[in-house]
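Below are the chains, spelled out letter by letter.
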Amino acid sequence: MVESSHRKHHQGNLYHVRIRLAVPGEEIVVSRDPSEHGQNEDMYLVINDAFKETVRRLEDYVRLRRRQVKQHVGPPRGRVVRIFPEEGYGFLEDDEGREIYFHRNSVVDGAFGELQTGSEVRFAEEPGEKGPQASSVSLAGR
């Protein structure tokens, strides 16, 4: 629907555009109203903007239906299972049950002394000489 106000303006008519698109399970509605989107004096520009917004919303709908929405996953979490304070290293266990080595220098903010068996941590994993190792280890509560 394209609607023009019938009031006389100094610079021309203002246009209101509304697009309703029925898709399975919902309805996509895009509206361009002069009071919400500035002075809509150019009818072709208003229609073009409304259709661009409709395409964006339809693409979002398709991504949701295909379950292609990005999941924002934080850093992996784990628990300290063994720690050797005198030697300056320890092992943590990730959610999959794998043991991952970490060194005193990989603990953020010098908090190695605060770690103990059972401490929950966040970390980044990288390949090491003898298998996976954790870097940027930090207490999960921080």
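Residues numbered from 1 in each chain as written. Predicted model: local features only at pLDDT ≥ 70, side-chain atom pairs only at ≥ 80, totals over all residues. Heavy atoms only, no water.

Novice: It is not clear to me how the packing of aromatic side chains should be interpreted in this structure. Could you clarify?
Specialist: The description of two aromatic rings rests on the distance between their centres and on the angle between their planes. Under the defined criterion, the tally for this structure stands at five aromatic pairs. Taking NZ or CZ as reference, Arg82 lies 4.5 Å from the ring centre of Phe91, over its face. (Phe/Tyr/Trp six-rings, centres within 6.5 Å; stacked < 30°, edge-to-face > 60°. Lys NZ or Arg CZ within 6 Å of the ring centre and 35° of its normal.)

Novice: Teacher, can you tell me more about unusual backbone geometry here?
Specialist: Trans peptide bonds make up the majority, and among non-glycine residues the majority have a negative phi. One non-glycine residue, Asp109, lies in positive phi territory at about 60°. Mapped onto the fold, Asp109 is located in the loop between strand E6 (99–103) and strand E7 (120–128). A positive phi angle, close to 50°, is found at Ser136, a residue other than glycine. Among the structural elements, Ser136 can be located in strand E8 (residues 131–139). You can call Ser136 partly exposed: its relative accessible area is 46%. (Helix = DSSP H or I, 4+ residues; strand = E, 2+ residues; numbered from the N terminus. Buried < 20%, exposed > 50% of the residue type's maximum accessible area, 1.4 Å probe, protein only.)

Novice: Sorry, what's going on with the environment of Ser136 here?
Specialist: Note: C-alpha distance between Ser136 and Pro75 (61 residues apart in sequence) is 9.9 Å. Among residues more than four places away in sequence, those in contact with Ser136 are Ser106, Val108, Arg122, Phe123 and Ala124. (Contact = heavy atoms within 4.5 Å.)

Novice: What should I look at first to understand the sheet that holds strand E3 (residues 26–32) in this one?
Specialist: Each strand in a sheet pairs with another by means of backbone hydrogen bonds, the pair being arranged parallel or else antiparallel. What the three strands build is an open sheet, ordered E1-E2-E3; its pairing is antiparallel. A strand with exactly one partner marks an edge of an open sheet, and here the two such strands are strand E1 (2–4) and E3. For this sheet the average axis-to-axis angle between neighbouring strands, irrespective of direction, equals 15°. As paired elements, E1 and strand E2 (residues 15–23) share three bridges and run antiparallel to each other. (Pairing = 2+ DSSP bridges. Axes fitted to C-alpha atoms, helices over the stretch in contact; angles between N-to-C directions.)

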